[in-house]
Amino acid sequence: MRISTWKLKLRMFLATIFLFAIVYAILMLIGHIMGFGGPLFYMLLGLGIILLQYLISPSIVEATMRIEYVSPEEAPRLHAMVEELAMRAGIPKPRVGIADIGIPNAFAFGRTKSDGRVCVTRGILRLLDEEELKAVLGHEISHIRHDDMIVMTLISAVPLICYYIYISSIFSRDRDMGLVGLLALAAYLLGQLIVLFISRVREYYADYGSVEIGGQPHKLASALYKLVYGSAASEEDEIKEVEGLKAFFVNDVSRATAEIEDLRQVDLDMNGTISESELQQIKYRGVKIGVAARIMELLSTHPNMLKRIKRLSELT
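The shown structure was predicted, so the numbers you read here are calculated from the model rather than taken from an experiment. Numbers given to residues run from 1 along each chain, matching the order in which its sequence is written. Local features in a predicted model are, by the rule used here, given only for residues with pLDDT of at least 70; side-chain atom pairs are given and counted only at 80 or more, and totals for whole chains, interfaces and linings are based on all residues. Heavy atoms from the whole structure form the basis of all side-chain values; hydrogens and water molecules are not counted.

(A) Spatial organisation of the sheet that holds strand E4 (residues 117-121). For two strands to be treated as a pair, DSSP must find no fewer than two bridges joining them. A helix here means a DSSP run of H or I that spans at least four residues, while a strand means a run of E at least two residues long, and both kinds are numbered starting from the N terminus. The strand order across the open sheet formed by four strands is E1-E2-E4-E3, and the pairing between neighbours is mixed. With one partner strand each, in any of the chains shown, strand E1 (67-69) and strand E3 (106-109) form the two edges of the open sheet. For this sheet the average axis-to-axis angle between neighbouring strands, irrespective of direction, equals 30°. Pairing between strand E2 (residues 95-99) and E4: five bridges, direction parallel. Within the sheet, the bridge partner assigned to Ile-98 lies in E4 and is Val-120. Angles run from 0 to 180 degrees between N-to-C directions of axes, and those axes are lines fitted to C-alpha atoms, restricted for helices to the stretch in contact.

(B) Layout of the environment of Thr-121. Within the element layout of this structure, Thr-121 appears in strand E4. Classification of residues uses two cut-offs on accessible area relative to the type maximum, computed with a 1.4 Å probe and protein chains only: under 20% is buried, over 50% is exposed, and between them is partly exposed. Of the residues examined, Thr-121 reaches a relative accessible area of 0% and is grouped as buried. Thr-121 sits 56 residues away from Met-65 along the chain, and the two C-alpha atoms are 8.6 Å apart. If we ignore the near neighbours within four places in the chain, the residues touching Thr-121 are Ala-99, Ile-101, Ile-103, Pro-104, Asn-105 and Phe-107. A distance of 2.6 Å separates the side chain of Thr-121 from the backbone oxygen of Ile-103, its partner in a polar contact. We call two residues in contact when some of their heavy atoms are within 4.5 Å. Here a polar contact means two N or O atoms within 3.5 Å. Within protein one must be a hydrogen donor candidate and the other an acceptor candidate, and residues neighboring in sequence count only if both atoms are side-chain atoms.

(C) Expanded view of the pattern of salt bridges. Any Lys or Arg side-chain nitrogen found within 4 Å of a carboxyl oxygen on Asp or Glu counts as a salt bridge. Enumeration over the complete set of coordinates arrives at 21 salt bridges. Among the ionic pairs, Asp-252 bridges to Lys-246, the shortest N-O distance being 3.5 Å. Assigned by exposure class, Asp-252 and Lys-246 land together as buried. With a shortest N-O distance of 3.4 Å, Glu-261 and Arg-264 are connected by a salt bridge. Classification of Arg-264 as partly exposed rests on a relative accessible area of 45%. Put simply, Glu-62, Arg-111, Asp-115 and Arg-117 are held in one network by salt bridges that share partners.

Below, the structure written as structure tokens:
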């Protein structure tokens with residue numbers, strides 16, 4: 001199934017260009033005040049941060065998520081699904097792992113397509129049926145297919161550079177450098193919002209990718225619905241433990257409790273799943289999203305779940 005994603009791609013492209021324009025403007029301003037040495041230092045610092053993130057991030061994820069890679073003999077169905085989806089996506093089969101975490105979820109990471117790893121938590125294996133799990137795995141494999149790990153590593157370094165510029169200049173006795181520091185702080189805050197926006201767009205893109213390589217829209221919608229409830233029922237300490245890496249997950253586990261009330265709009269028969277007919281009804285009936293939920297979405301790595309399920313309904 002071919003899905004038109006040009007609008008998503010255009011949004012990501014424009015947001016990325018704007019993000020890099022911010023840091024370029026800040027560096028040019030510093031160069032004007034300090035001479036050519038200033039921008040070069042921060043550019044090298046930024047490149048160093050990006051390289052460090054690129055090299056060590058897989059190890060950090062593995063340690064934090066307590067991942068154990070499993071063989072085809074240990075998890076035959078999981079391996080079979082990943083292999084089939086990777087073949088349809090046209091990428092090398094990723095390594096398959098299980099994270100010793102009760103929160104039901106899945107995630108993908110790695111440095112390149114050939115270094116991709118797809119992992120599920122023990123919680124998700126107990127929660128989803130096979131087709132729902134397959135749709136979620138398709139979402140994660142689409143992240144690898146779209147090189148999302150590399151993209152997010154690159155763009156997340158930009159606000160970080162602005163932050164370092166702010167810290168190094170805000171206490172300067174030089175009035176011009178103090179002004180640069182304030183501008184860098186503003187650029188950092190705006191840059192963070194842009195990074196979050198790009199992250200949300202990439203989640204939509206991965207949802208579409210899952211459907212494109214064989215996932216059923218209503219099964220992915222049902223899986224997302226279950227993951228919200230599963231996250232809300234998880235231990236608070238466990239949620240806090242993975243807070244720093246929640247961007248890797250299929251949904252924002254920290255916002256799950258707040259999303260439950262709104263999600264009652266999509267489970268029309270209240271049986272804990274979203275059927276194909278229910279998703280088709282959402283397509284024509286729509287959903288109501290409150291102002292508070294829209295504002296919270298701006299500060300999240302993931303789209304509002306109601307909006308996400310509504311978009312999936314358009315693929316039925």
